[in-house]
Amino acid sequence: MTSKRRMDKLDKTLIGSLLLAALFSSAVSDDWKASVTKNLDALVTSCVVVPCSFSHPGKALPSSKLRGIWHISNDKNQVIYNEDQTKILDPYKDRTKMLGQLGQNNCTLEIADVKDHDNGPFCFRIELVGEESQKFSFVQDCVDLKMQHSPPEIKLTQSRAAFEGKTFTVTCSVRHTCPSFRPKLSWSRGNADQIFEKHEEISPGIWVMESVLTFVPEEKDDHSQLNCTAVFHGGKTTTKTLHLYVKRKTFLIFFSLNCVTILYTPVQRSWPHTSSLPVGAANYKNIIIPIVVLVVTAGVIGLVSGLIIKKYKKRIMELQSQEGSVWNRMSRFSRRFRSNAPPPSQTNRRMQREDFAEEKP
């Protein structure tokens with residue numbers, strides 16, 4: 001009887017342990033998670049990098065205890081990456097590698113020399129070395145690649161309009177998915193001192209390469225072309241052209257005693273189609289500046305005229321009020337030759353004779 005009770009107790013203990021082990025195994029499996037970028041464009045002949053990270057319960061594990069594998073869809077036997085090259089499908093041998101360190105929970109994958117058939121979906125799987133039961137495939141977090149046969153378009157932007165003799169900056173940028181082999185950007189003009197490059201990740205799996213050119217336009221640069229060329233890993237290239245229009249303006253104001261002369265040299269006001277600047281916002285100064293100059297000029301003319309009239313007003317009145325003065329004689333003489341004026345009266349003729357007699361010595 002005692003032996004039977006011991007057996008029952010042992011069975012209950014064993015069953016409880018098995019239940020706990022099953023629950024623990026389920027909890028562990030649920031806690032292993034992966035995060036993979038879902039969709040990416042891939043340029044054929046170039047490379048593509050697939051960002052990937054994972055998390056697991058418990059303490060950190062060294063890379064030596066982990067084995068990372070990438071396979072096609074939910075078929076674990078269609079391996080495209082494994083540290084054991086013999087287990088990789090022939091079309092993917094020597095083209096895939098793990099960029100991240102598994103000990104740092106980084107499972108990022110790189111596929112080089114992209115082929116037309118590399119569309120995926122590709123899924124990540126991780127195994128604990130020496131523990132056959134600890135294998136996790138994340139078939140719900142896979143990446144699909146969209147094959148691109150033409151390189152992405154270059155974007156050209158300028159800080160403002162180009163003015164003769166003033167610093168001008170234009171930026172050439174292009175997106176890509178291959179940070180291991182960045183696109184090479186080159187300009188049709190400029191030297192190393194005038195060019196600044198920048199590379200950054202703008203979203204998971206997408207990077208942008210920028211080249212900033214700064215120079216001082218001259219008159220000869222007007223209506224010229226500025227080209228930026230991008231060469232991608234694998235040899236594909238693309239070029240974008242900026243039609244450069246250099247603005248030139250000259251205001252010359254000449255002041256004299258009673259007039260002001262303005263010479264205005266108009267400038268080229270056309271804008272290149274590739275410019276990202278709004279035309280209305282950039283050209284409003286071309287309207288405001290001439291108006292301001294005209295208003296200022298009119299004010300100057302009014303001021304000068306007012307000063308002249310104020311200064312010589314008394315003198316003019318004195319000349320007009322003097323009888324027999326040169327002013328009066330000239331006025332009468334001018335009226336005599338008016339075509340519609342009546343003949344001079346007898347009194348006026350007498351006054352003219354008197355004036356003539358007075359002028360004789």
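Residues numbered from 1 in each chain as written. Predicted model: local features only at pLDDT ≥ 70, side-chain atom pairs only at ≥ 80, totals over all residues. Heavy atoms only, no water.

**Here's the deal with the overall build of the protein chain**
Condition: Secondary structure elements are defined from DSSP: runs of H or I of at least 4 residues count as helices, runs of E of at least 2 residues count as strands, and each element is numbered from the N terminus. With a 1.4 Å probe rolled over the protein chains alone, any residue whose accessible area is under 20% of its type maximum counts as buried; one over 50% counts as exposed, and the rest are partly exposed. Residues count as neighbours in contact if any of their non-hydrogen atoms are within 4.5 Å of one another. Note on areas: Shrake-Rupley with a 1.4 Å probe; residue coverage comes only from the protein chains shown.
Within the protein chain, the regular secondary structure consists of four helices and 21 strands. By the burial criterion, 30% of the 361 residues in the protein chain qualify as buried. The long-range fraction of contacts in the protein chain, counting pairs at least 24 apart against all pairs at least 6 apart in sequence, stands at 60%. Total accessible area on the protein chain is roughly 23,100 Å²; 55% of this is exposed by carbon and sulfur atoms.

**Digging into the sheet that holds strand E3 (residues 48–50)**
What links the strands of a sheet is backbone hydrogen bonding, and the strands pair in either a parallel or an antiparallel sense. Put simply, the rule reads: Two strands qualify as a pair provided that DSSP identifies no fewer than 2 bridges between them. In this analysis, axes come from line fits to C-alpha atoms, helices being fitted only over the stretch in contact, and the angle between any two N-to-C directions falls in the range 0 to 180 degrees.
One open sheet holds the three strands; their spatial order is E3-E8-E7, and the pairing between them is antiparallel. Whereas interior strands pair on both sides, the edge strands pair on one side only; in this sheet they are E3 and strand E7 (96–98). Strand-to-strand twist in this sheet, taken as the mean axis angle between neighbours without regard to direction, amounts to 20°. Sheet topology places E3 next to strand E8 (residues 109–111); three bridges connect them, and they run antiparallel. Residue Val48 lies in a different strand from E8, and its bridge partner there is Ile111.

**Structural notes on the side chain of Thr37**
As for its position among the elements, Thr37 is in the loop between strand E1 (33–36) and strand E2 (39–43). If sequence neighbours within four positions are ignored, Thr37 has contacts with Pro51, Cys142, Val143 and Pro204.

**Quick look at the pairing of strand E11 (residues 155–158)**
Because side chains alternate across E11, one face comprises the buried residues Leu156 and Gln158, and the other comprises Lys155 and Thr157, none of which is buried. Where E11 meets strand E13 (residues 168–176), four bridges bridge the pair, whose relative direction is antiparallel. Looking at E13, one finds that Lys155 is bridged to Ser173.

**Remarks on the sheet that holds strand E10 (residues 135–148)**
Strand order in the open sheet formed by five strands is E2-E10-E9-E5-E6, and the pairing between neighbours is mixed. Edge positions in the sheet fall to E2 and strand E6 (79–81), since each of these pairs with one other strand and no more. Adjacent strand axes in the sheet meet at a mean angle of 40°, parallel and antiparallel pairs treated alike. One ladder, built from five bridges, connects strand E9 (residues 122–128) with E10; its direction is antiparallel. Looking at E10, one finds that Ile126 is bridged to Phe136.

**Description of the nonpolar core**
Counted only if it meets this: What makes a nonpolar core is a set of buried Ala, Val, Leu, Ile, Met, Phe, Trp, Tyr and Cys residues whose side-chain atoms join them at distances within 4.5 Å.
Ranked by internal contacts, the top residues of the largest apolar core, which has 31 residues, are Phe54, Trp70 and Phe124. At five residues, E10 tops the list of elements feeding residues into this core. With near-sequence residues (within four places) excluded, Phe124 lies in contact with Cys52, Phe54, Gly68, Ile69, Trp70, His71, Met98, Leu102, Cys107, Phe136, Ser137 and Phe138. Core analysis: the second largest hydrophobic core is formed by 20 residues, Met209, Phe215, Leu242 and Val246 among them.

**Some words on the state of the cysteines**
Under the convention used in this document: Our working definition of a disulfide is a cysteine sulfur pair at a distance within 2.5 Å.
Tallied over the full model, the rule gives four disulfides. One disulfide in the model links Cys47 with Cys178; its S-S distance is 1.8 Å. With the S-S bond torsion at 100°, the cross-link from Cys47 to Cys178 turns out right-handed. Of this pair, Cys47 sits in the loop between E2 and E3 while Cys178 sits in the loop between E13 and strand E14 (184–187); the two residues are 131 residues apart in sequence, bridging distant segments of the chain. The buried category is assigned to Cys178, whose relative accessible area is 3%. Across the disulfide, Cys123 is cross-linked to Cys142 (sulfur-sulfur distance 1.8 Å). Across the S-S bond linking Cys123 and Cys142, the dihedral sits near 100°, which makes this disulfide right-handed. Of this pair, Cys123 sits in strand E9 while Cys142 is found in strand E10, placing the two residues 19 residues apart along the sequence.

**Comments concerning the packing of aromatic side chains**
Where we set the bar: Stacked, tilted and edge-to-face are the three classes assigned to paired rings of Phe, Tyr and Trp, where Trp is represented by its six-membered ring and a pair needs centres within 6.5 Å; plane angles under 30 degrees give stacked, over 60 edge-to-face, the rest tilted.
For the structure on display, the rule yields seven aromatic pairs. With a centroid separation of 4.7 Å and an interplanar angle of 15°, the aromatic rings of Trp32 and Phe136 are classed as stacked. Residue Trp32 is located in the loop between helix H1 (2–31) and E1, and its partner Phe136 is located in strand E10; the two are separated by 104 residues in the primary sequence. Residue classification places Trp32 among the buried positions, given a relative accessible area of 6%. Classification of Phe136 as buried rests on a relative accessible area of 8%. Centre to centre, the rings of Tyr92 and Phe122 are 6.0 Å apart; their planes meet at 80°, and the pair counts as edge-to-face. With Tyr92 in the loop between E6 and E7 and Phe122 in strand E9, this residue pair connects regions lying 30 residues apart in the sequence. Relative accessible area serves as the criterion here: at 1%, Phe122 is assigned to the buried category.

**Brief notes about the confidence of the model for the protein chain**
The condition is simple: Scored between 0 and 100, pLDDT is the confidence that the predictor attaches to each residue.
Of all residues in the protein chain, 67% attain a pLDDT of 70 or more, and the chain-wide mean is 77. Segment residues 14–29 is flagged for pLDDT under 50; beyond a separation of four residues in sequence, or across chains, it makes four contacts in the model. For residues 252–282, every residue scores under 50 in pLDDT, and the model assigns this stretch 67 contacts once sequence neighbours within four places are set aside.

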